[in-house]
Amino acid sequence: MKVLIHADPARALDCTAGLLAARLQRQPDAVLGLATGGTMEAVYARLIAAYKRGEVSFGQARSFNLDEYVGVAPDHPASYWHYMREHLLDHVDIAPGAALLPRGDTPNPEAEAATYERAIVEAGDIGLQLLGLGANGHIGFNEPTSSLASLTRVKTLTRSTREANARFFEDPAQVPRLAITMGIGTILRADEVLLLAYGEGKADAARAMIEGPLSAACPASALQLHRKATVVLDAAAASKLALRDYYEEVHPDGRDVPI
Ligand code: GLP
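Summary of the structure given here.

1. Some words on the packing of helix α1 (residues 9-26) against helix α2 (residues 38-52)
- Look at α1 against α2: their axes get within 9 Å of each other, and the N-to-C directions meet at 55 degrees. In terms of orientation, α1 lies oblique with respect to α2. Considering only the axes of α1 and α2, their crossing is right-handed. Contacts between α1 and α2 involve Ala 10, Leu 13, Asp 14, Thr 16, Ala 17, Leu 20 and Ala 21 from the first element and Thr 39, Ala 42, Val 43, Arg 46 and Leu 47 from the second.
- Classifying every residue of the contact of α1 with α2 gives eight nonpolar, two polar and two charged.

Below, the structure written as structure tokens:
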């Protein structure tokens, strides 16, 4: 696992957006795995700016998002479909139909999950998977005790996750109990994984992910099994790492270059 520690969130965001843009420049027809959450909003803002400067194009790319709430239609303001249109898709040149998310408002969420997993396999799996980190160590909506071999399926959200995401809904009681999420096994098949976390609230989860035991109790610890996982942190999220000095020696100022 490559651990890149930056002095502040802005640098961590620049780094993450830069790594994603670099993948697209290297491979314009990349299959991207995209994430939602507050963390990603400023990543997408940076990618839109890079697109407007002519540095990057999504014209040949495809994307699959990690997850969606069950029972929430694409036009619902708190849906991840809506989030993606607002924060990225409506502002770049991605082709119509090239960006996919699970449909939350389907009568059969399990069948939708299986269809979504098949679509990812048929696309040749994800090239670069972008990830945020739940304060409880979740990735996508793979809550603690998710099978480390899981595929796309329906998961029940923990109370803490529902509370953390209540700010996106008009009424906290509206936060769905269920979500369709790529599984940990799905995520691990990606060619490359890029996780961003910043702020003190993520420090415990970051430590468990990077230095804790490989355990379903911290789903993000499954990234320890991935051959090409990059974790980008700010100083606050890195504050509980026992081997922080080592990571900073290997990658001074979070630079992704060999020394
Ligand atoms: C959400 C999403 C995750 C996201 C995480 C962190 O529940 N399903 O993909 O990474 O929680 O969210 P935030 O970035 O708002 O802290």
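2. Some details on the site of the ligand
- Lining the immediate surroundings of the ligand are 13 residues, of which Gly 38, Thr 39, Phe 141, Asn 165 and Lys 202 lie closest.
- Contact distances for the ligand include 3.2 Å between a nitrogen atom and a backbone N or O atom of Gly 140.
- Between an oxygen atom of the ligand and a side-chain N or O atom of Asn 165, the distance comes to 2.9 Å.
- Burial of the ligand by the protein chains amounts to 92% of its free accessible area of 390 Å².
- Grouping the amino acids of the shell around the ligand by side-chain chemistry returns three nonpolar, seven polar and three charged.

What counts, and where the lines are drawn
Residues numbered from 1 in each chain as written. Predicted model: local features only at pLDDT ≥ 70, side-chain atom pairs only at ≥ 80, totals over all residues. Heavy atoms only, no water. Axes fitted to C-alpha atoms, helices over the stretch in contact; angles between N-to-C directions. Helix = DSSP H or I, 4+ residues; strand = E, 2+ residues; numbered from the N terminus. Parallel < 35°, antiparallel > 145°, perpendicular 65-115°, else oblique. Left-handed = near helix turned anticlockwise from the far one by under 90°. Contact = heavy atoms within 4.5 Å. Nonpolar A, V, L, I, M, F, W, Y, C, P; charged D, E, K, R; others polar. Near = heavy atom within 4 Å. Polar contact = N/O pair within 3.5 Å; in protein donor to acceptor, adjacent residues only side chain to side chain. Areas by Shrake-Rupley, 256 points an atom, 1.4 Å probe, with all protein chains shown as cover.

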